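Examination of the molecular architecture
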Amino acid sequence: MERVSKHNYYLDIAQTVSERSTCLRRRFGAIIVKNDVIISTGYNGSPRGRANCSDLGTCYREQMKIPRGERYELSRENMLGAVLYMCCTDPKTGKIMPGTNSCMMCKKLIINAGISTVFIRDTETEFREIPVTDWVTDDDSLSGKLGY
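Notes on the structure in this doc start here. Keep in mind it's a predicted model, so treat the numbers as computed, not measured. (Residues numbered from 1 in each chain as written. Predicted model: local features only at pLDDT ≥ 70, side-chain atom pairs only at ≥ 80, totals over all residues. Heavy atoms only, no water.)

Focus on the pattern of salt bridges
- Counted by the stated rule, this structure contains three salt bridges.
- Between D36 and K6 there is a salt bridge whose closest N-O contact spans 2.7 Å. In this pair, D36 sits in the loop between strand 1 (27-34) and strand 2 (37-43) while K6 sits in helix 1 (residues 6-18), placing the two residues 30 residues apart along the sequence.
- Under the relative-accessibility criterion, D36 is labelled partly exposed at 47%.
- Overall, K6 belongs to the partly exposed group, its relative accessible area being 45%. (Salt bridge = Lys/Arg side-chain N within 4 Å of Asp/Glu carboxyl O. Helix = DSSP H or I, 4+ residues; strand = E, 2+ residues; numbered from the N terminus. Buried < 20%, exposed > 50% of the residue type's maximum accessible area, 1.4 Å probe, protein only.)

Rendered as structure tokens:
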């Protein structure tokens, strides 16, 4: 049996983390790795203490027609030079959603955190490697091109 690559190992974990998401639109899971140590995991959903869309059965952001990546209100030292692994899955089917990307707000947070590279899963074995510096030099907020 062939050993899974390190990037796909971390992306497998990010995909599993996405199963904790409470979002009805898209489930994102992510892990941050530095020096081959997972230092953080996370997924999208309601802020702590607020009702989750998955529990309510409706997405208030959709009802209020709030565009994706808008109106969202870590220790940087630990993030400098770290790598973020991300996977997006469909809430209905659980399947990987290829071609996704971070929204502009998340890109801003990733850039400001000092993370160096983002790996985004497209299939069980394929992924994209994005140097975060690309997001700095290619500011898609100026072009109107939206994330995910």
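Some words on helix 5 (residues 104-113)
- If you check which residues of helix 5 are buried, you get K107, I110 and A113. Projected down its long axis, helix 5 shows its buried positions confined to an angular sector of 130 degrees, all on one face.
- Looking one or two residues past helix 5, G114 carries a phi angle of roughly 90 degrees, positive in sign. (Arc of directions from axis to C-beta.)

Some thoughts on the environment of N8
- Of note, N8 is situated in helix 1.
- Sequence-distant contacts of N8, that is, excluding residues within four places in its chain, are made with R121, E124, T125 and F127.
- Side-chain polar atoms of N8 contact the side chain of R121, separated by 3.0 Å.
- Side-chain polar atoms of N8 contact the backbone oxygen of T125, separated by 3.1 Å. (Contact = heavy atoms within 4.5 Å. Polar contact = N/O pair within 3.5 Å; in protein donor to acceptor, adjacent residues only side chain to side chain.)

Brief notes about the pairing of strand 3 (residues 83-89)
- Of all seven residues in strand 3, seven are buried, a share of seventy percent or more.
- Where burial is concerned, the two faces of strand 3 agree: the one with V83, Y85, C87 and T89 and the one with L84, M86 and C88 are both buried.
- Strand direction decides the pairing type here: strand 1 and strand 3, joined by seven bridges, are antiparallel. Within the sheet, the bridge partner assigned to I31 lies in strand 3 and is Y85.
- Here strand 3 pairs with strand 4 (residues 117-121) via four bridges, running parallel. Bridging from a neighbouring strand, M86 pairs with I120 of strand 4.
- Considered for its hand, the β-α-β crossover made up of strand 3, helix 5 and strand 4 is right-handed. (Pairing = 2+ DSSP bridges. Right-handed = clockwise from strand over helix to strand, strands pointing away.)

Some thoughts on a nonpolar patch on the surface
- A cluster of nonpolar residues, L56, Y60 and M64, forms a patch on the protein surface that exposes about 310 Å² of accessible area.
- Among the secondary structure elements, L56 is positioned in helix 2 (residues 53-56). (Patch = residues over 30% accessible without salt bridge, like charges linked within 9 Å, V, L, I, M, F, W, Y side chains within 5 Å. Areas by Shrake-Rupley, 256 points an atom, 1.4 Å probe, with all protein chains shown as cover.)

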